[in-house]
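Fold and geometry: a report
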Amino acid sequence: MGRRVERTTGGRAGPRRRGRRMVAAAAALGVLLPLAACGGGDGGVPTINLYYPPEQNLQTVIDNCNEQAQGRYRIEYRVLPRGADDQRVQMVRRLAAGDRGMDVLGLDVTWTQEFASADWILPWTGDARAEVERGTLAGPLESARYEDELFAAPKNTNVQLLWYRTDLVEQPPETWDDMIAAAQRLKERGQPYQVLTMGAQYEGLVAFYNTLVASAGGQILNEDGTEAVFDEGAVRALEVLQRFATAGVTSASFTNALEDDVRLAFQSGNGAFQLNWPFVYPALQEGAPELADKVGWARYPGVDAGQPSRVTIGGVNLAVSRYSDHPDEAFEAALCIRNAENQKFSAINDGVPPTIESIYADPEMTEAYPMKDEILAELRDGATRPLTPAYQNVSTVLSVTLSPPSAIRPQETADQLRRSVQDALESKGVLPG
Amino acid sequence: MSHRAEPTTEGGLADRKAGRRVKAPLSEGKKAERRLGWLLCAPAALVMVAVTAYPIFYSVWLSLQRFDLKFPDQREFIGLENYVTVLTNEFWWTAFGVTMLITVVTVAVELVLGMGLAIIMHRTIVGRGLVRTSALIPYGIVTVVAAFSWRYAWTPDTGYLANLFSDGAPLTERASALGIIMLAEIWKTTPFMALLLMAGLALVPEDLLKAASMDGASGWQRFTKVMLPVMKPAILVALLFRTLDAFRVFDNIYVLTAGANQTSSVSMLAYNNLMKGLNLGIGSTMSVLIFLTVAVIAFIFVKLFGTAAPGSSDEGRR
């Protein structure tokens, strides 16, 4: 928007005049844009309002798509707030009111079922569905389905990796037990030893627990997502989580740590291991280049030896709002934004892993994405979080009950969770605040 | 406390109304005047009904249903089941306790500090405008903005207060987080309390104070025996307003802790169930319960303590 404002003011006015005019132009735009959105564009070109989380270079992708559309539609990028909760609340609030100003929605992978069940997004059918399913990784695709229908197109995916200090650790550990033991040995030797990961009471802790459950071969819910199971594997995962939290290898702020806190703690050299999303690597190269040379990556550790980990999948799905005035164009626009070429561009420029498998083999990816093989391996047996419309309730209950992890008593906590998660699934009971 | 002479029971009021109806056959002119009065009130009354009564009744209606936006097909009328669910839930009572604690502590502290501030503002002779303005600044700052300042101030590494007073993260522990929430509330609304009390101070006749000091009353005696009784109506109104406000505390908690570590107030809990959980049934039930609690508080103040809304004293009624 800033660019357009400058163009309308021209270059002749003095800085003071220009400043004032820019304000006026911005104000005028502020008034006109929503009107344009309501009217669906004045020149007969439908405006497709894309509501998507902040992504630095997404505008380039959108410009490409607008060019390719040759006047069939024009995508406007409406940037959602940065926080996931804020994004969801904005969309939910507007969809509940039947807002027609939203066409394509960028949904976190855990929201698709909820939006589908609430009848807020349209199913993908016919050729569009076939195009989305072609060559897309199974895990991300699974996250976009609800009751045998496809409700979204996976735009990008994500998995956490194990990042470790090659100067301290010879061989990356394959299980949590190995990693805890290795950290304890480092601690005895007085070297940096901490295992850093997200342990605050929020979605990150739930994703962590979900990875442990899947890695232990367990289940939180049954296949249909209608019943709380918390089987043996889920109890085993609670044991690992509790043991990790009490083994003296975490940082002091473990129970308060979000993604960025973990990244910064590792970057300052305190940690021997870090479990985090791939965005930490470019940040590390920029923030602490000498440390970056001593950091390797490997598959997330598993629970049992010989049983590779199954890691929680993140990412964003594109869905079309039921209240869109231009659903056909919206589907087309969404397909363009997530096509192979644009996904590759986003992977290289914004660091978001693609959902189309063939992109990983592209030679251009090797340089920008040195860890792509590990990511792809994890994605192939990735674990989705429980697929249910009530996921938000389940996640809230889980994060409250699992926090702090050191207070977990595996069997008892599992019994308690089985009851409270069942209530949450049936939207009975009160969500903790 | 109910030593006031006015009738306090519903029965008394009804009697009086009935009596008046028999006693006063209205003249034509009076009738026309009264009709005009109603007509003049009508637009405002209609707007009030549209913007307040309708939402209130709608949320009562919602609270009697199982209604979750995630499951639109399962909407049904379930009577009082939501109330049973909420009133037997530990999260609700935890939040209720937290809200009560915040209400009692902040209003008590604000009353004391506000009284001091009011006296200072009242007594200042030099730079009165400046003193009053600067005392009111916290109240003039948007609560959310002030709450963010408090949050940054109490965040380790970036915040000066956290670095001065604590070596951990005070906002992540329940007791210290609640303390900070109350501190922010008190800082923010003490000026409001002071403003209301200052209006009461203006009612105290100067002659009365002079007479008391002539009789040898000490400063403390003049305060407790002369000023407080005269100010009582103003104090009660100030307490009522602040208690109702404090019970609905939301923004400071939302910004400072977002309700983590059991620091949720009832409003916060209702918001989470409504906006995050999309559960209109349970969320509306909580809203109705909050509304009822506020009504009970107002009832206690008005009927038991004899608080009168400004302008509705007995002499004003006709």
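Remember, predicted model here, so these are calculated numbers, not experimental data.

Basis of the calculations
- By convention here, each chain's residues receive numbers from 1 onward along its written sequence.
- Labels follow written order: the first chain is A, the first ligand is 1, and so on.
- Selection of residues for local features in this predicted model requires a pLDDT of at least 70, selection of side-chain atom pairs for listing and counting requires 80 or more, and totals for whole chains, interfaces and linings are taken over all residues.
- Only DSSP runs of H or I covering at least 4 residues are called helices, and only runs of E covering at least 2 are called strands; the numbering of each starts at the N terminus.
- Buried, partly exposed and exposed are defined by the number of other C-beta atoms within 10 Å of a residue's own C-beta, namely 20 or more, between the two limits, and 12 or fewer respectively, with C-beta atoms placed from the backbone.
- Every axis corresponds to a line fitted to the C-alpha atoms, with the helix fit spanning only the stretch in contact, and the corresponding angles, defined between N-to-C directions, vary from 0 to 180 degrees.
- With C-beta atoms placed from the backbone, a contact is any residue pair whose C-beta atoms sit within 7 Å.
- The residue classification treats Ala, Val, Leu, Ile, Met, Phe, Trp, Tyr, Cys and Pro as nonpolar and Asp, Glu, Lys and Arg as charged. All others, Gly included, are polar.
- pLDDT expresses how confident the predictor is about each individual residue, on a scale running from 0 to 100.
- For two strands to be treated as a pair, DSSP must find no fewer than two bridges joining them.
- UniProt positions are given in the numbering used here, feature names are shortened, and annotations may be inferred rather than shown by experiment.
- Just so you know how the angles are binned, under 35 degrees is roughly parallel, over 145 roughly antiparallel, 65 to 115 roughly perpendicular, and the rest oblique.
- By convention, the crossing between two helices is left-handed when the near helix turns anticlockwise from the far helix through less than a right angle, and right-handed when the turn is clockwise.
- Place the viewer so that the strands point away; then a crossover is right-handed whenever the path from the first strand over the helix to the second strand goes clockwise.

Section: the overall build of chain A
Broken down by element type, chain A carries 19 helices and 11 strands. When the 433 residues of chain A are sorted by exposure, 46% land in the buried category.

Structural notes on the packing of helix H4 (residues 90–123) of chain B against helix H12 (residues 266–276) of chain B
Residue and element names in this part refer to chain B. Where H4 contacts H12, the axes come no closer than 8 Å and their chain directions differ by 145 degrees. The segment H4 lies against H12, with Phe91, Trp92, Ala95, Phe96 and Thr99 engaging Val266, Met268 and Leu269. Classifying every residue of the contact of H4 with H12 by side-chain character gives seven nonpolar, one polar and no charged.

Let's talk about the confidence of the model for chain A
A low pLDDT score tells you not to read the predicted coordinates there in detail. Residues and elements named next belong to chain A. Mean pLDDT over chain A: 89, with 90% of residues reaching 70 or higher. Note on residues 1–19: pLDDT is under 50 here. Beyond four places in sequence and across chains, it has 12 contacts. Taken together, the stretch residues 26–41 has pLDDT below 50 and engages in 17 contacts with residues farther than four places along the chain or on a different chain.

A word on the pairing of strand S7 (residues 161–165) of chain A
Residues and elements named next belong to chain A. Taken across its five residues, S7 has five buried, putting it largely inside the fold. A two-sided burial pattern is seen for S7, the buried positions comprising Leu161, Trp163 and Arg165 on one face and Leu162 and Tyr164 on the other. In terms of strand pairing, S7 meets strand S9 (residues 271–276) through four bridges, oriented antiparallel. Its bridge partner being in S9, Tyr164 is matched across the sheet by Phe273. In this sheet, strand S10 (residues 295–298) lies alongside S7 in antiparallel orientation, the contact comprising four bridges. When the sheet's bridge partners are listed, Tyr164 is paired in S10 with Gly296.

Here we look at the sheet that holds S10(A)
Residues and elements named next belong to chain A. The strand order across the open sheet formed by four strands is S8-S9-S7-S10, and the pairing between neighbours is mixed. Taken across any chain shown, the strands that pair with only one partner, and hence form the sheet edges, are strand S8 (194–196) and S10. When the angles between neighbouring strand axes are averaged without regard to direction, this sheet yields 20 degrees. Sitting on the sheet, helix H8 (residues 176–188) is in contact with S8 and S9, with an inclination near 150 degrees to S9.

Focus: the environment of A:Pro173
All names here are of chain A. Inspection of the secondary structure assignment puts Pro173 in the loop between S7 and H8. Along the chain, Pro173 and Leu284 lie 111 residues apart, while their C-alpha atoms are 21 Å from each other. Setting aside anything within four residues of it in sequence, one finds Pro173 in contact with Asp178, Met179, Ala182 and Pro301.

Comments concerning the interface of chain A and chain B
Tallying the contact residues gives 22 residues for chain A and 26 residues for chain B. Going through the elements one at a time, helix H4 (84–96), helix H5 (112–117) and helix H18 (391–401) of chain A are the ones with two or more residues in the side of chain A that touches chain B. With five residues, H4(A) is the single largest residue contributor to the side of chain A that touches chain B. Its residues assigned to classes, the side of chain A that touches chain B comprises nine nonpolar, eight polar and five charged.

Here's the deal with the UniProt feature "transmembrane region" (unreviewed entry) in chain B
All names here are of chain B. In the numbering used here, UniProt assigns the feature "transmembrane region" (unreviewed entry) to residues 36–57, 91–121, 133–154, 174–203 and 278–302. Structurally, residues 36–57 comprises 100% helix and 0% strand, and the distance from its first C-alpha atom to its last is 29 Å. Counted over residues 278–302, helix gives 92% and strand 0%. Its end C-alpha atoms are 36 Å apart.

Observations regarding the packing of H4(B) against helix H8 (residues 174–201) of chain B
All names here are of chain B. Between H4 and H8, whose axes approach to 6 Å, the crossing angle comes to 45 degrees. With respect to each other, H4 and H8 are oriented oblique. Of the two elements, H4 crosses H8, and the hand of that crossing is right-handed. Partitioning the contact of H4 with H8 into residue classes produces 21 nonpolar, five polar and two charged.

Looking at the sheet that holds strand S6 (residues 153–158) of chain A
Residues and elements named next belong to chain A. The strand order S2-S1-S3-S11-S6 describes an open sheet built from five strands, whose pairing is mixed. Two strands close off the open sheet at either side, each with one partner strand: strand S2 (74–79) and S6. The sheet shows a mean angle of 20 degrees between the axes of neighbouring strands, direction not considered. Here strand S1 (residues 47–52) runs beside strand S3 (residues 104–108); their pairing, made up of two bridges, is parallel. From the neighbouring strand, Tyr51 faces S3, where its bridge partner is Leu105. Sheet contacts for helix H3 (residues 58–69): S1 and S2; angle to S2, the most-contacted strand, approximately 165 degrees.

Some remarks on the confidence of the model for chain B
All names here are of chain B. When the pLDDT values of chain B are averaged, the result is 85; 88% of them are 70 or greater. Taken element by element, chain B is modelled with least confidence in helix H1 (residues 10–23), mean pLDDT 47, and with most confidence in H4, mean pLDDT 93. When the criterion is pLDDT under 50, residues 1–21 qualifies, and its contacts beyond four places in sequence or with other chains add up to 12 contacts. Note on residues 314–318: pLDDT is under 50 here. Beyond four places in sequence and across chains, it has three contacts. For this predicted complex, the interface confidence score (ipTM) comes to 0.71, while the overall pTM stands at 0.78.

Here we look at the pairing of S2(A)
All names here are of chain A. For S1 and S2, the ladder comprises six bridges, and the chain directions are parallel. For Ile48, the partnering residue across the bridge sits in S2 and is Ile75. In this region the chain leaves S1, passes through H3 and returns to the parallel neighbour S2; the handedness of that crossover is right-handed.

Structural notes on the environment of B:Val296
Residues and elements named next belong to chain B. Here Val296 lies in helix H13 (residues 280–304). Take Val296: there are 10 C-beta atoms within 10 Å of it, and that puts it in the exposed class. Linking Val296 and Asp215, residues 81 residues apart in sequence, is a C-alpha distance of 43 Å.

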